[in-house]
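The chain contents come next:
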Amino acid sequence: MNERTIQASSSPHWIDRCQIGDATLYLGDCREILPTLPRVDAVITDPPYGMGDKLSGSGSGRWKKLYVEKGGFSWDQEAPQEVVELLLKADKAIIWGGNFFELPPSRAWLVWNKIIRNFSTSVCELAWTNLDRPVDAFDYSHGQLATEGKHHPTQKPLPLMKWCVDRVGDAAVILDPFMGSGSTGVAAIQMGRKFIGIEREPKYFDIACRRIEDAQRQESLFEPEAPKAEQTALFGSEVA
Ligand SMILES: C[S@@+](CC[C@H](N)C(=O)[O-])C[C@H]1O[C@@H](n2cnc3c(N)ncnc32)[C@H](O)[C@@H]1O
């Protein structure tokens, strides 16, 4: 069984840090935390892209309600282009919604084919990558998310995120600086990788901690010995 350790901090970079087995989760703003992190092998992320203002048509009111009011998080109107540029420097990077940012040409766009069409969401979503491989597509019904448990208004399906983890090869440490409900982290842990996640909304940070703790517990059932929980510094600014 893993232990979850959450400690208040006077660090200027993060509000809380939670170490759950192979996952290190930060509550805070990734713009402040990212420059303090050690090198990671791969970034797999799904940043907000200020869609609230870009939506048009009859679905827009419904989506704004869902994201901003029911979702309970402050939506960045401006895309965090400066963060995305930092993430491009990772050896391997997969950035969902990459078509909303100014990014270099890519050989290997990834396509999530949502299979079902409806009038308010897109038929596909695109991820920019810096991977040296052909364009690839993943078919997965958007509707199936309901059966996985819906934790976040823009939650990515777990099978999709596991497919992404597979695409970054043997990357040992995976970072998601916009982790939301922690789908990338669950996929990473289930596939035996270390994970670093950042989320600035406490509600989603707590959900991510719980989901990743569950994933870690499931994994440890198959391990000979459960990993020891790590102690984090009470007031330290050291990271991961
Ligand atoms: C598109 S959602 C990610 C959803 C996630 N893929 C999932 O499956 O749950 C983007 C998340 O980034 C968070 N976020 C936005 N700006 C942030 C920032 N500057 N630092 C950290 N998190 C941020 C939002 O609160 C939101 O939960």
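Model, not experiment: these values are computed from the prediction. (Residues numbered from 1 in each chain as written. Predicted model: local features only at pLDDT ≥ 70, side-chain atom pairs only at ≥ 80, totals over all residues. Heavy atoms only, no water.)

*Asks:* Which residues make up the environment of Ala187, and what are the values?
*Replies:* Its place among the elements puts Ala187 in helix H7 (residues 183-190). Look at Ala187 and you get buried, because its relative accessible area is 0%. Along the sequence, Ala187 and Met161 sit 26 residues apart, while their C-alpha atoms lie 5.8 Å from each other. (Helix = DSSP H or I, 4+ residues; strand = E, 2+ residues; numbered from the N terminus. Buried < 20%, exposed > 50% of the residue type's maximum accessible area, 1.4 Å probe, protein only.)

*Asks:* Residue-level account of the site of the ligand, with values.
*Replies:* Around the ligand, the surrounding shell holds 20 residues, and the nearest of these are His152, Lys156, Ser181, Ser183 and Glu199. Asp46 is positioned with one of its side-chain polar atoms (N or O) 2.9 Å from a nitrogen atom of the ligand. For the ligand, an oxygen atom lies 2.7 Å from a polar atom in the side chain of Ser183. Isolated, the ligand exposes 610 Å² of accessible area, and the fraction of that covered by the protein chains is 98%. Here the residues of the shell around the ligand sort into five nonpolar, seven polar and eight charged. (Near = heavy atom within 4 Å. Polar contact = N/O pair within 3.5 Å; in protein donor to acceptor, adjacent residues only side chain to side chain. Areas by Shrake-Rupley, 256 points an atom, 1.4 Å probe, with all protein chains shown as cover. Nonpolar A, V, L, I, M, F, W, Y, C, P; charged D, E, K, R; others polar.)

*Asks:* Mind laying out the pattern of salt bridges, listing which residues take part and the relevant values?
*Replies:* Evaluation of the coordinates by the stated rule reveals eleven salt bridges. With a shortest N-O distance of 3.0 Å, Arg31 and Asp29 are connected by a salt bridge. Through salt bridges that share partners, Asp46, Lys114, Glu125 and Lys156 make up one connected network. (Salt bridge = Lys/Arg side-chain N within 4 Å of Asp/Glu carboxyl O.)

*Asks:* Describe in detail the pairing of strand E2 (residues 16-20), supporting the description with residues and values.
*Replies:* Of all five residues that make up E2, five are buried, and the element is covered over most of its length. Both faces of E2 are covered, namely the face carrying Asp16, Cys18 and Ile20 and the face carrying Arg17 and Gln19.

*Asks:* Would you mind going over the pairing of strand E5 (residues 92-96) in detail, with residue names and values included?
*Replies:* In terms of burial, E5 is a largely internal element, four of the five residues being buried. Here strand E4 (residues 42-45) pairs with E5 via four bridges, running parallel. Within the sheet, the bridge partner assigned to Ile44 lies in E5 and is Ile94. Taken together, the three bridges between E5 and strand E7 (residues 124-129) define a ladder with antiparallel strand orientation. Counted as the bridge partner of Trp96 is Ala127 from E7. (Pairing = 2+ DSSP bridges.)

*Asks:* Kindly report on the packing of aromatic side chains, identifying the contributing residues and their values.
*Replies:* What characterises a pair of aromatic rings is the spacing of the ring centres plus the angle enclosed by the ring planes. Taken as a whole and assessed by the stated rule, the structure comprises three aromatic pairs. Relative to Tyr140, the ring of Phe138 has its centre 6.1 Å away and its plane inclined at 25°; by these criteria the two rings are stacked. Assessed through its relative accessible area of 10%, Tyr140 is described here as buried. An angle of 35° between the planes, with centres 5.1 Å apart, marks the rings of Phe138 and Trp163 as tilted. (Phe/Tyr/Trp six-rings, centres within 6.5 Å; stacked < 30°, edge-to-face > 60°.)

*Asks:* How would you explain helix H8 (residues 202-220) if you had to name every residue and give the values?
*Replies:* Every α-helix winds through 3.6 residues per turn, so residues three or four apart in the chain are directed the same way. Helix length check: H8, at 19 residues, gives a terminal C-alpha distance of 26 Å against a target of 27 Å (1.5 Å per residue), a fit within 8%. Turning to H8, its buried residues number three or more, namely Tyr204, Phe205, Ile207, Ala208, Cys209, Arg211, Ile212, Glu213, Ala215, Gln216 and Ser220. Elements that come into contact with the buried residues of H8 comprise E2, strand E3 (23-27), H7 and strand E10 (194-199). (Expected span 1.5 Å × (residues − 1). Contact = heavy atoms within 4.5 Å.)

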